[in-house]
Amino acid sequence: MATDDPKTLVSTDWLAAHLEDPDLRVLDASYYLPGMGRDAKAEYAEGHIPGARFFDIDEIADARSALPHMAAPVEKFMSRMRAMGVGDGHQVVVYDGAGIFSAARVWWNFRLMGKTDVAVLDGGLPKWRAEGREIEDMAPVIRDRHITVQRQAHLVKDVTQVASASKLGDWQIVDARSPGRFRGEEPEPRAGMRAGHIPGSKNVHYASLLNADGTMKGLDALRQVFEAAGVDIGKRTITTCGSGVTAAIVMLALHRLGNMDVSLYDGSWSEWGQFEQLKVETG
């Protein structure tokens, strides 16, 4: 049982106990890859945790970028959060319909905007449902709330910074994709991507950080996973994956272990895998 921390991860028990708090905001950040055959919005409409608002990762994003769901510009993030009634003084809890999959991405998104009172629901909607807790299909009543945003540029890295880190080795790069994709043995889900990984990066598949029920492993077990992958838990780290979603799960796990010096490569393999001039390692 993970210890509840309203800045990283909270249990279903914690959320149930705080659900009526006037300053709590719950967000359903479910998102699925095309191959998963699930419709996040439709599932939200059918049933969600009481009071939850739907956070659309593909819509609350940078529309100017050709890359998938890149972090939204400050103004867009602010206007979307105001419209959702999420603002200053709120404790935010983010969940998804897979357990822990896309919720960590939204947790990172809030931190990028300078909001730290945000946690991922451990085990997400599947655990909440399995425990027979309340679900509703009504849209929440929304009141506009002012939000102040201060973008934390150090929490995100672009391709130039990642290429420099790969070359100099002054940051460790941790890739959350499956071992097969990391080694270049499995095809990429997005068309036109080369196979392999960023030179010098280490592989910690996001699924290896989770228990069978979709909750995050305890601190000792997390430490073992990172150590087995040759990751130094105390070293500054850039996390990466296919499109910047599961990279946030690795960041969340490192935060749980006390490493706050972690940045996310937003373009991830969707960007790196495209450009022939960027080196790729396999095996």
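Reference entry: report on the structure contained in this document. Residue numbers run consecutively from 1 along every chain, following the written order of its sequence. Local features are withheld for residues below a pLDDT of 70 in this predicted model, meaning they are given only at 70 or higher, and side-chain atom pairs are given and counted only at 80 or more; totals for whole chains, interfaces and linings count all residues. Side-chain descriptors were evaluated using all non-hydrogen atoms of the structure, hydrogens and water having been removed beforehand.

This part covers the overall build of the protein chain. Helical segments are the DSSP runs of H or I of at least four residues, strand segments are the runs of E of at least two, and each set is numbered from the N terminus. The helix and strand tally for the protein chain stands at 10 helices and 10 strands. Both definitions apply: the radius of gyration is a C-alpha atom measure, and the globule rule equals 2.2 Å times residues to the power 0.38. In terms of C-alpha radius of gyration, the protein chain reaches 18 Å, essentially the compact-globule figure of 19 Å for 283 residues. Reported as C-alpha extents along the three principal axes, the dimensions of the protein chain are approximately 50 × 40 × 35 Å. Think of it in three bands: residues with accessible area under 20% of the maximum for their type are buried, residues over 50% are exposed, and the middle band is partly exposed, with areas taken using a 1.4 Å probe on protein chains only. When each of the 283 residues of the protein chain is scored for burial, the buried share is 55%.

Three or more residues of helix α8 (residues 219-228) are buried, namely L222, V225 and F226. Looking straight down α8, one finds its buried side chains confined to an arc of 95°; they lie on one side. Of the exposed residues in α8, the ones pointing more than 90 degrees away from its buried face are D220, Q224, E227 and A228. Here, two residues are considered to be in contact whenever any of their heavy atoms come within 4.5 Å of each other. On its buried face, α8 sits against α9 (247-256). The arc refers to the directions leading from the helix axis to the C-beta atoms.

With that out of the way, let us pick up the sheet that holds strand β1 (residues 9-10). By definition, the strands of a sheet pair up through backbone hydrogen bonds, in either a parallel or an antiparallel sense. Reading across from one edge, β1-β5-β4-β2-β3 is the order of the five strands in this open sheet, with parallel pairing throughout. Edge strands, defined here as strands with exactly one partner in the open sheet, are β1 and β3 (53-54). Between any two strands, at least two bridges found by DSSP are needed for them to pair. Here β1 pairs with strand β5 (residues 118-121) via two bridges, running parallel. The residue bridging L9 from the neighbouring strand is V120, located in β5.

Once that is clear, we can look at empty space enclosed by the protein. Two kinds of site are reported from a 1 Å grid over the protein atoms alone, namely cavities, where a 1.4 Å probe fits but cannot get out, and pockets, open sets with protein on both sides within 12 Å along at least five of seven lines, and residues are called lining when an atom falls within 4 Å of a point. Grid points are joined across faces, edges and corners, and a volume is the space filled by probe spheres set on the points. Counted by the stated rule, this structure contains two cavities of 30 Å³ or more. Lining the largest cavity, in full, are F55, I57, I60, A61, H69, M70, A71, R105, V106 and N109. Each residue is assigned to one of three groups, with Ala, Val, Leu, Ile, Met, Phe, Trp, Tyr, Cys and Pro labelled nonpolar, Asp, Glu, Lys and Arg labelled charged, and all others, Gly among them, labelled polar. Its residues assigned to classes, the lining of the largest cavity comprises seven nonpolar, two polar and one charged. Taken as a whole, the second largest cavity encloses approximately 40 Å³ of empty space. In this structure, the second largest cavity is lined by D28, S30, Y32, A40, E43, Y44, G47, G97 and L125.

Let's shift gears to the packing of α8 against α9. Fitted lines through C-alpha atoms give the axes, limited to the stretch in contact for helices. The angle between two N-to-C directions lies from 0 to 180 degrees. Here α8 crosses α9 at 120°, and the two axes come no closer than 10 Å. Considering the angle they form, α8 stands oblique to α9. With respect to the hand of their crossing, α8 and α9 are arranged in left-handed fashion. On α9, the residues touching L219, L222 and F226 of α8 are V250, A253, L254 and R256. Working definition: roughly parallel below 35 degrees, roughly antiparallel above 145 degrees, roughly perpendicular at 65 to 115 degrees, and oblique for all remaining angles. What makes a crossing left-handed is the near helix being turned counterclockwise from the far one by less than a right angle; a clockwise turn instead makes it right-handed.

Attention now goes to the pairing of strand β9 (residues 237-240). Residues in a regular strand project their side chains so that they alternate between the two faces of the sheet. The alternating pattern of β9 places T237 and T239 and I238 and T240 on opposite faces, both of which are buried. Judged from the four bridges that link them, strand β7 (residues 172-175) and β9 form a sheet pairing that is parallel. Counterpart to Q172 in the pairing with β9 is T237. Sheet topology places β9 next to strand β10 (residues 262-265); three bridges connect them, and they run parallel. Note on β10: the bridge partner recorded for T237 is V262.

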